[in-house]
Each structure stands twice: as structure tokens, then as C-alpha cells.
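Fold and contact review
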2 protein chains.
Amino acid sequence: MAASSSSFCHKNALSLSTPSNNHTKLTSRDSSLRFPPSISFNAPRFRVSLLSKSNRNLILKASATSAAPAMDQITSSSSSSEVPTSVEVDLGNRSYPIYIGSGLLDQPQLLQKHVHGKQVLIVTNTTIAPLYLEKTIWALTDGNPNIKVESVILPDGEQFKNMETLMKVFDKAIESRLDRRCTFVALGGGVIGDMCGYAAASYLRGVNFIQIPTTVMAQVDSSVGGKTGINHRLGKNLIGAFYQPQCVLIDTDTLNTLPDRELASGLAEVIKYGLIRDAEFFEWQEKNMEALLARDPIAFAYAIKRSCENKAEVVSLDEKESGLRATLNLGHTFGHAIETGLGYGQWLHGEAVAAGTVMAVDMSYRLGWIDDSLVQRANKILKLANLPTTPPETMTIDMFKSVMAVDKKVADGLLRLILLKGPLGNCVFTGEYDRQALEDTLRAFCKS
Amino acid sequence: MAASSSSFCHKNALSLSTPSNNHTKLTSRDSSLRFPPSISFNAPRFRVSLLSKSNRNLILKASATSAAPAMDQITSSSSSSEVPTSVEVDLGNRSYPIYIGSGLLDQPQLLQKHVHGKQVLIVTNTTIAPLYLEKTIWALTDGNPNIKVESVILPDGEQFKNMETLMKVFDKAIESRLDRRCTFVALGGGVIGDMCGYAAASYLRGVNFIQIPTTVMAQVDSSVGGKTGINHRLGKNLIGAFYQPQCVLIDTDTLNTLPDRELASGLAEVIKYGLIRDAEFFEWQEKNMEALLARDPIAFAYAIKRSCENKAEVVSLDEKESGLRATLNLGHTFGHAIETGLGYGQWLHGEAVAAGTVMAVDMSYRLGWIDDSLVQRANKILKLANLPTTPPETMTIDMFKSVMAVDKKVADGLLRLILLKGPLGNCVFTGEYDRQALEDTLRAFCKS
Ligand SMILES: NC(=O)c1ccc[n+]([C@@H]2O[C@H](COP(=O)([O-])OP(=O)(O)OC[C@H]3O[C@@H](n4cnc5c(N)ncnc54)[C@H](O)[C@@H]3O)[C@@H](O)[C@H]2O)c1
Ligand SMILES: NC(=O)c1ccc[n+]([C@@H]2O[C@H](COP(=O)([O-])OP(=O)(O)OC[C@H]3O[C@@H](n4cnc5c(N)ncnc54)[C@H](O)[C@@H]3O)[C@@H](O)[C@H]2O)c1
Ligand SMILES: [Zn+2]
Ligand SMILES: [Zn+2]
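The residue numbers shown here count from 1 along each chain, following its written sequence. Naming scheme: in the order in which they are written, chains are lettered from A and ligands are numbered from 1. For a predicted model such as this one, the threshold for reporting local features is a pLDDT of at least 70, and the threshold for listing and counting side-chain atom pairs is 80 or more; totals across whole chains, interfaces and linings nevertheless cover every residue. The side-chain numbers reported here are obtained from all heavy atoms of the structure, hydrogens and water having been left aside.

- Naming follows an unreviewed UniProt entry, where chain A appears as 3-dehydroquinate synthase of Penstemon davidsonii.
- Under the Pathway (unreviewed entry) heading, UniProt states for chain A: "Metabolic intermediate biosynthesis; chorismate biosynthesis; chorismate from D-erythrose 4-phosphate and phosphoenolpyruvate: step 2/7." UniProt positions are given in the numbering used here, feature names are shortened, and annotations may be inferred rather than shown by experiment.

1. Here's the deal with the side chain of Thr-327 of chain B
- Tracing the backbone shows Thr-327 of chain B in the loop between α8 (297-317) and α9 (332-342).
- Polar contact is the term for a pair of N or O atoms within 3.5 Å; when the atoms are in protein, one must be able to donate a hydrogen and the other to accept it, and sequence-neighboring residues count only if both atoms are side-chain atoms. In terms of polar contacts, Thr-327 of chain B uses its side chain to reach the backbone carbonyl oxygen of Leu-324 of chain B, at 2.7 Å. Only DSSP runs of H or I reaching four residues or more are called helices, and only runs of E reaching two or more are called strands; each is numbered from the N terminus.

2. Some thoughts on the pairing of strand β18 (residues 426-430) of chain A
Residues and elements named next belong to chain A.
- Residue exposure (1.4 Å probe, protein chains only): buried if accessible area is under 20% of the type maximum, exposed if over 50%, otherwise partly exposed. Among the 5 residues that make up β18, 5 are buried, leaving the element largely enclosed by the rest of the structure.
- Here β18 shows a buried face lined by Asn-426, Val-428 and Thr-430 and a second buried face lined by Cys-427 and Phe-429.
- Here, any two strands with at least 2 DSSP bridges between them count as paired. The hairpin turn running from strand β17 (residues 417-420) into β18, its antiparallel successor, is 5 residues long, and Gly-422 in that turn takes a positive phi close to 95°.

3. Comments concerning the packing of aromatic side chains
Residues and elements named next belong to chain A.
- Only the six-membered ring of Trp is used, alongside the rings of Phe and Tyr, when aromatic pairs are assigned; centres must lie within 6.5 Å, and planes under 30 degrees apart are stacked while those over 60 apart are edge-to-face, with the rest tilted. Enumeration according to the criterion identifies 10 aromatic pairs over all chains in this entry.
- Aromatic ring contacts, followed pair by pair, group Phe-281, Trp-284 and Tyr-302 into a single cluster.
- To sit over a ring, a charge needs its Lys NZ or Arg CZ within 6 Å of the ring centre and within 35 degrees of the ring normal. Note that Arg-435 overlies the ring of Tyr-433, its terminal NZ or CZ placed 4.0 Å from the centroid.

4. Notes on the coordination of the zinc ion (ligand 4)
All names here are of chain B.
- Distances from the zinc ion (ligand 4) to its protein donors, Glu-269 (OE), His-332 (NE2) and His-349 (NE2), fall at 2.0 to 2.1 Å.
- Residue class for Glu-269 comes out buried when judged on its relative accessible area of 0%.
- Overall, His-349 belongs to the partly exposed group, its relative accessible area being 26%. Donors, by definition, are the N, O and S atoms found within 2.8 Å of a metal, the threshold being 3.2 Å for Na, K and Ca, and water is not counted, so a site can look incomplete.

5. Considerations on the coordination of the zinc ion (ligand 3)
Residues and elements named next belong to chain A.
- For the zinc ion (ligand 3), every protein donor is listed as Glu-269 (OE), His-332 (NE2) and His-349 (NE2), and the spread of their distances is 2.0 to 2.1 Å.
- Spacing between the donor residues of the zinc ion (ligand 3) along the chain follows E-x62-H-x16-H. Taken as a pair, Glu-269 in helix α6 (residues 260-277) and His-332 in helix α9 (residues 332-342) lie far apart in primary sequence, 63 residues in all.
- Owing to a relative accessible area of 12%, His-332 belongs among the buried residues under this scheme.

6. Concerning the pattern of salt bridges
Residue and element names in this part refer to chain A.
- Any Lys or Arg side-chain nitrogen located within 4 Å of an Asp or Glu carboxyl oxygen qualifies as a salt bridge. Under the definition given, this model contains 40 salt bridges over all chains.
- With a closest N to O distance of 2.8 Å, Arg-306 and Asp-278 form a salt bridge. Residue Arg-306 is located in helix α8 (residues 297-317), and its partner Asp-278 is located in the loop between α6 and α7 (279-293); the two are separated by 28 residues in the primary sequence.
- Ionic contacts of the salt-bridge type, sharing partners, join the residues Asp-221, Glu-269, Lys-272 and Lys-311 into one network.

7. Let's talk about the sheet that holds strand β10 (residues 183-188) of chain A
Residue and element names in this part refer to chain A.
- If you walk across this open sheet you meet the 7 strands as β6-β7-β14-β11-β10-β8-β9, and the pairing is mixed. The open sheet is flanked by β6 (85-89) and β9 (148-154), the only strands paired with a single partner. Taken pair by pair, the neighbouring strands of this sheet meet at an average axis angle of 20°, ignoring direction.
- Relative to strand β8 (residues 119-125), helix α2 (residues 129-141) is tilted by about 165°, and along the sheet it contacts β8, β9, β10 and β11 (208-213).
- In this analysis, two residues are considered to be in contact whenever any of their non-hydrogen atoms come within 4.5 Å of each other. Axes here mean lines fitted to C-alpha atoms, for a helix over just the part in contact, with angles spanning 0 to 180 degrees between N-to-C directions. Running over the sheet, α8 touches β6, β7 (96-101) and β14 (247-251) and is turned about 10° from β6.

8. Some points on the UniProt feature "domain: 3-dehydroquinate synthase N-terminal" (unreviewed entry) in chain A
- Here the UniProt feature "domain: 3-dehydroquinate synthase N-terminal" (unreviewed entry) sits at residues 152-264 of chain A.
- Between the C-alpha atoms that bound residues 152-264 of chain A the distance is 28 Å, and the span itself is 34% helix and 30% strand.

9. A short note on the sheet that holds strand β7 (residues 96-101) of chain B
Residues and elements named next belong to chain B.
- Pairing is mixed across the open sheet formed by 7 strands, whose spatial order is β6-β7-β14-β11-β10-β8-β9. The open sheet terminates on both sides in strands that have one partner only, identified here as β6 (85-89) and β9 (148-154). For this sheet the average axis-to-axis angle between neighbouring strands, irrespective of direction, equals 15°.
- Strand direction decides the pairing type here: β6 and β7, joined by 5 bridges, are antiparallel. Residue pairing across strands places Ser-86 opposite Tyr-99, the latter belonging to β7.
- Packed on one face of the sheet, helix α4 (residues 190-202) meets β8 (119-125), β9, β10 (183-188) and β11 (208-213) and runs near 170° to β10.
- Set on the sheet, α8 makes contact with β6, β7 and β14 (247-251); between it and β6 the angle comes to about 10°.

10. With respect to the site of ligand 2
Residue and element names in this part refer to chain B.
- Neighbouring residues of ligand 2: 26 residues in total, closest Asp-156, Glu-158, Thr-214, Thr-215 and Thr-257.
- For ligand 2, an oxygen atom lies 3.1 Å from a polar atom in the side chain of Asn-125.
- Interatomic distance of 3.3 Å between a side-chain N/O atom of Asn-237 and an oxygen atom of ligand 2.
- All amino acids are sorted into three groups, where Ala, Val, Leu, Ile, Met, Phe, Trp, Tyr, Cys and Pro are nonpolar, Asp, Glu, Lys and Arg are charged, and the leftover types, Gly among them, are polar. Of the residues that constitute the shell around ligand 2, the class distribution is 7 nonpolar, 10 polar and 9 charged. Proximity criterion: a residue is near a molecule or strand once any of its heavy atoms comes within 4 Å of it.

11. Some words on the site of ligand 1
Residues and elements named next belong to chain A.
- Not every one of the 26 residues close to ligand 1 is listed here, only the nearest: Asp-156, Glu-158, Thr-214, Thr-215 and Thr-257.
- In this structure, Asp-156 approaches ligand 1 through a side-chain N or O atom, which is 2.7 Å from an oxygen atom.
- Side-chain polar atom of Lys-161 to an oxygen atom of ligand 1: 2.8 Å apart, as the coordinates give it.
- What sets the accessible areas is the Shrake-Rupley method with a 1.4 Å probe; for residues, cover comes only from the shown protein chains. Considering ligand 1 on its own, with 870 Å² of exposed area, one finds that the protein chains cover 88% of that surface.
- Where the shell around ligand 1 is concerned, the elements lending two or more residues are α2, α4 (190-202), α5 (216-222) and β13 (235-242).
- In terms of residue class, the shell around ligand 1 is made up of 7 nonpolar, 10 polar and 9 charged.

12. Describing unusual backbone geometry
- With a phi close to 55°, Asn-237 of chain A is a non-glycine residue in the positive phi region.
- Within the fold, Asn-237 of chain A resides in strand β13.

Dropping the structure here:
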């Protein structure tokens, strides 16, 4: 059988090397398994071995073999001669590095190393272009006069993440006669990254692609993992491709211009990594949330690196979304219902995820799977990050249920959820839970 | 470096097993090499070993180790209990079979074996739907009541191979709530196959895909190799994906309704395989062209099988188009100029390729690379197939030159061409030829 996104591949032989301070390398080999109704993930950071695999249970048992690098070990890359912090995403011959640090756009050689061919198309939007386009063009061309850089500036907003806007990217590429060796560069948040990535995947059946994410959301989540795509009038992200970049360049300085709400929204995903698989990181966040809100570049570089490591690890083990990758959606099923119920654009994605996370945590507690103290800690850190911890008042039980009924994670009529189970940093992806707990959670968070 | 279509990968370790009568299996391992200015391909059928690899030359040396199956060894699959002839396309975990024979759509189990999930979307057009849609739905559902089959009927014609029409496929898939395990089925010629394949590659970032090609062109060429895509207002096939199907099902009975001109157009590609890499097949064609024109199902099954073997072999060795795969474009550079010069839709693709092939053969002769007898044989067989052997009178030298100047095969200002060199069945892909020969060929075939 040829592989495709619907042949659900799990991995059964994992070997994750212990991360060094600046570089984490992950490797995986794969086999396959179909739709287990329940998968447990016990904090599988840094060393993972498969203990048992059956049709009903895939258990990834973890033993933490290295302490996380302490914060003071992290170097701030403000001097442009320093080697930047990097995370390697291991996907065989499609592996690529994520560079993280302050001032990386001031290091032209870093970007240029990953540009193949002599033609570049920067895809950005009307908000980001005045802030960072000139600098990015400089970084691509400085000391590199033979390169031709074009750019296309799209309208800003999720409502433009569609086929019509995508065609503008193709128009520009074709009018500029870009050939197969060209490189597309996404300069912006998740919307730009997703669109530019899909355009790169499709233009001449695939050209080089570089991500320069400029929101927390894009830096810790959307730029890692290769999911690209656009929305359809009838649903989000329905058309797209799995497509990996040549590199991801995260200049934390770009966060200085990001609106507060956008910053907090991205932190919801950072908190998620701690809850589902990285207790140590969660504890670090509890101590450093204020530094993050103050946009401390060293704290941010660390939070981004650790987030990227977590996501890269999950993606390396499960590139095309089977079980493990689903755990990245903690809080997203409830959150998606909120986004749909309110209409997209009312709450930011991370805001909806934050409220959804509180609901998932509440349900986990009702099932007896976690302690009350963990419920308190999750609530507290989300509040610290200025994120909502309850759904909007207008959300009803029926609104939640109707959206959840058509969730992608429904298999054979069963809604599978990501829930916490065990000590901090452990979760399960399962359809085997007492329906009453879900009812009770919905009732507790909705007025009607 | 992550692989992509612009990191030019050649293969340096090849092991092609000798084909058995019903089944050819190809395997390959890969390495990489960039843009050699000249690549020679000596009839590398059935056993290929790499003798030398340098930055400037990749030579695939062949030794024919098995006689081709004689025509009378080919069974006609008119009885539905027979095992159909098949060709295996070996692309690692994306390998798939091509089934070839008369009456294959009357064997529901054959198709159903490759349908995963319970939802199918048939993509076809207004010409083919009245002829074969009902039969295809029957083949998918007979004895398989749990399956839900939807269909979308597109307008017929190359002018509809665009984003607007593609969106109709997505609309239908989404409205029908098709999930990731669904299967898209392309029922039609190359236009439908290319569009449906790209839709399957993009819907939910990739779903299962089956090809049921119904033109000679699609059966011998476009359904094999994984190239999918649509046209852009400014050029053909500029947006798309490399995407492999679960299987290709070729029912030769569908050719009975194909217009004569379309039939002949497809034969141009069949003749191409003989010229570039399969002398024995070319000789078979010289003897059996009349049977093909009379749509003899046994002759056609053989011609299709042998064509698919040739294309599958090339694609297995060079999936993402580097040097070897380019040889499939014999006659296409001149042909493309004719299609562009006349305006698309005046001449069929195979008609333009036929005239283009004569021009490439003429140029090869002027370079002293082939004998006069080969020139005569190429001309004769194309005429036998009712194909044009000169470009339209309206084509001028300048029209050829202006289109050829922007051909995709131009690298560093040099137009690389596929030309014949040596005995029948051998070709080169090269930019190293005397420019005067090209001038002389253009002058010989154009009035001004
Ligand atoms: N591919 C994935 O795996 C994945 C994962 C998560 C989210 N996403 C997608 O990402 C999108 C959300 O991403 P987002 O939250 O980055 O939204 P976004 O791209 O819309 O950016 C948010 C806003 O911030 C602005 N902005 C971006 N960078 C800025 C900067 N440095 N300074 C000032 N303003 C700036 C943008 O112009 C926009 O107005 C959604 O479409 C979602 O589907 C994808
Ligand atoms: N993907 C590839 O590798 C590849 C290779 C070659 C060509 N192509 C593409 O294929 C397309 C050309 O394919 P084509 O020549 O099959 O053209 P086509 O799909 O337009 O079919 C030709 C005509 O025949 C009709 N038709 C199809 N099957 C029929 C049948 N059984 N009976 C009666 N009528 C039938 C069609 O409706 C159409 O009118 C082009 O768009 C070209 O770019 C792709
Ligand atoms: Zn999210
Ligand atoms: Zn062709």
C-alpha cells in the first residue's frame, strides 16, 4: 500500500538522542498501526522506548535522561558573530534546522546558506512589510549581488487565507519567471507561513521554502511540522500539503512589535507543551511567565527553543498526524468549538485554546485522572499569561456538542480527546472515557 | 539539505529486475548530482548498472537481459476471472500497480481492493460521465454496500484545467463531508487525471487516489509517474504536486469510444518510448501499427503495458525530474513551441509532439548522431499512425526560437534538448550540440 495521510502510521522504533545545549537531533523509524482507541503518552522527553504495541494500546514510556539546560546556560545571540541556538527537525532527507535568537536577521550569511538558486520570492503582508521587508531583503542580498529578490504583499488577516489570495503568489512567481530552483520565503505569522508553504509546495510542483515566523504562534507552533494550507469557505485548513522548509529562522527581535493579545495567544501553545509532555518546561514557565510577558529576549529564546524541540520531537515521530501528533491539540477540540461558535476572528486561536485547555483539564480531573493541584496550576499559569480560562458567556452546551460531533478526531462515531492523565506532563489521546465527565464539564462551563 | 524538486537528484545505484511476463518490479536507491550538461541514455531496459558518475556525465549502460514477451504471450483479459496484466511502479512505500486489460471495469474486486475507507469521490467530465460513470460506480459498489460514492462532473476541455474548476472538486468533497480516509477516483483523460490527482494531493493535505485513464495519452503517459496539476493563465501545468496513486486501472475497452484523432495523439507517446529507449518495442510497433489503429485489444494491452513499463522504469529511477526523466520529452520542446505558436487546442498534444519528434530526429541526423535509416523509420511510423510529420505552415523560425528561449530545460542560458544518438533506442539529454544544426533544422521545417 502506498503511504498517504490516511494510512495511519505510528512509529515503533524510536531513538531520541539526549539534547546538547545548542542542538537536538531526533531520529525515528516507522511502522504502522491503525486508529488505536486510546494512546497514552507519558512525558516522553529525550529518551523514548516502545514497551508494548497492540491493536488497542501504544504506550510510549519515557525516562528523562538529562536535565533541561538551565536558563542561565542559554546564550543570547545579540552579537551577530555568535552561533545561534538551533533545533534540528529530523525527517530523513527532509530534515532541516530551526535557528532561534535575537538579531538573526542581522546575520545575512545564516539565511543565505539556505537559499538555493538565484531567485527569491518573499511572501508577506501589509502589516509586516513596513516593519521587516526591507531588512529581510537586505539579509538576502547583502554580499550576494547575484540574487534577484521579488516580493508579494498580501492583505492581512485569516479571512484572506484562501485560494484567491494564494493565486496572487502564483501570479507574482510566474510573472517574475521564477524557475524550479527558486526559494519562497514566508515572512510573517501563521497565516503567511501556511499560505506561502502551500504555494511553495505547489509552484512548479514544489520549490525551496524558508520560514521567517514573526508571531509567537508561528515561532512555537505553525512554522514547525510542515503543515501548510489554506481555508475553504466551508472550513479551516481543508486544502494544503505536508511540505517541509529548508530552514526556519526565528529572530526574537520581531516580537517587539507584536500586539500584546497576539503575544499571549502564542503563549497558550507554549503552556500546552508543558502540560502534555514536558513538566520541567512547565515549571520553568511558572517561574518565568513575567519575563516572557516583558518580552525578555533570553527568556523568549529559551521558551521558543524548548517549544520547537517538543514539537519537532513529536513531528519526527509522527509526521503525517496519527496518534502522537494529535496530542498537540490539547484544548483544541473545545477551543475549536469556541472559535466556530463565536465566528472566527472574535477570539484569537490561542485564546480559544486557553479556555479549551481549562475545560480539558477540568474533564481530566472529573475522570479522576489528575490531581486537583494540577488543575490549579494550569488555571494559574494561563491567567498569568493574560489568557481567558472560561469560554465566552454566549457559548451553550449545544454549540459545543454540535461542533464536536463533526470534529476530525471522531472515528467510528467516537470523539477522541486529548486529556491529561497522571502527573504533570502526561496525556492520553482516547475515545475511552466516561461520557458523563464530558457532560459535567460542559455543564460547568456553560450557562445553558 | 531537505529534498525538493529543485535539488536535482539522480540515482547512482540501480537494480532493475528482469521482468516476468505479467509483472515488472523496479527498485532504486538514490544519491544526488546537479545539472550535468549532458546525459546519455543507452537503451537501459530491464537491467541497468551505473558505470560512472561524475559532475559532467551520468551514463546509464544497459544490457538487455530478456527478450520482450512476444505478443502471443500476452493474454487478453476478456474473461473477468483472469489475473490482469500488471506493471508495478516501484517508489518505495509509495509503490503501486498498474492493471491493464480488456474488461477490467467488469471486475469490481480489482478496484475495490485499492479503495481504503468508505467514501469515494469520482471526478470525471461531461463527455465521459454518460459513457462510463455508471459502470464505475457499479464496480465500486457491487458486493460492497457500505461504500458511499459521490461524483463531480466537470466541463470537458484543457481550458477548464484551472483553479476555478479544481475548486468544484473541493466543494463537492467538503459538502459530502469526505474525511482523510476517502478515495478520489479520476475517470477520464489526462486533463481529469491531472486535476483529480492534484485535488487528492491537496484535500486535507492528501487523500487516497486511483486513476482510471480512458485515453491512450492518459493510459500510456499521464496516469503514470505522479505528476499532477493545473494550468495558470500564463502557462501550462505550473501549479501542482508530485502525488502517486494507490493504483491505476486501465480498461482498454474504454478506447472504443475514443475519437480517432485522440487515439493517434496518444500513439505519438508510444512511438516516443521506442525511439528513446526501447528498440524492440519500436520494431514491434512497426509491425503492429495497423492493429493498434484498428483498436485490437490485445495489441493495445501490449502497447500500453510496454509503454507503462518504460515510463515506470524511468520514473522509478528519477521520480522528481532530473536528467533521465527529461528524456520522456523527446519532441516536446519543438512540440511545445507548436502548441504555443498555434494557440492551445488547435493541434492535439500528441500531434505537436509528432511533428516535434521529426524535428528532433532531423537535428540528431544533422549532428551526425544517427543514421539516415533511423530518420526514415521515425517518419514512416508517425505517418502510419496518422500523425503530422511537419509543423503547421504558419510556424516561423522566430516563433520556435521565442518559445524555446523560455523552455524549462534552459539552464544557465543553454537550451538542453533530447536528441537521438547511436542506434535505435538511444538518446541524450544535452546542451552540448552545434548551434548550427538547430538553425538548419528550423530553417528546413519553416517557410520563414
Ligand atoms: N501549520 C500549522 O501547523 C499551524 C499551527 C498553528 C496555527 N496555524 C495557523 O496559523 C494561523 C495563525 O497564526 P498567527 O497567530 O501567527 O496569526 P497571523 O499570521 O494572522 O498573525 C497575527 C497578526 O499579527 C500580525 N503580525 C505578525 N507578525 C507581527 C510582528 N512581528 N509585529 C507586528 N504584527 C505582526 C499579523 O499581520 C496579524 O495581523 C492560523 O491560520 C492557523 O490556522 C498553523
Ligand atoms: N501528468 C502527466 O505526466 C502528463 C503527461 C502527458 C499529458 N498530460 C496532460 O494530459 C492532458 C492531455 O490528456 P488527454 O490527451 O487524455 O486529453 P483529455 O483529457 O482532454 O481527453 C481528450 C478528449 O477525449 C475525451 N475522452 C476521454 N476519454 C474518452 C473515451 N474513452 N471516449 C470518448 N472520449 C473520451 C475527453 O473528454 C476529451 O474531450 C494535458 O492536460 C496534459 O498536460 C499530463
Ligand atoms: Zn493551536
Ligand atoms: Zn507528451
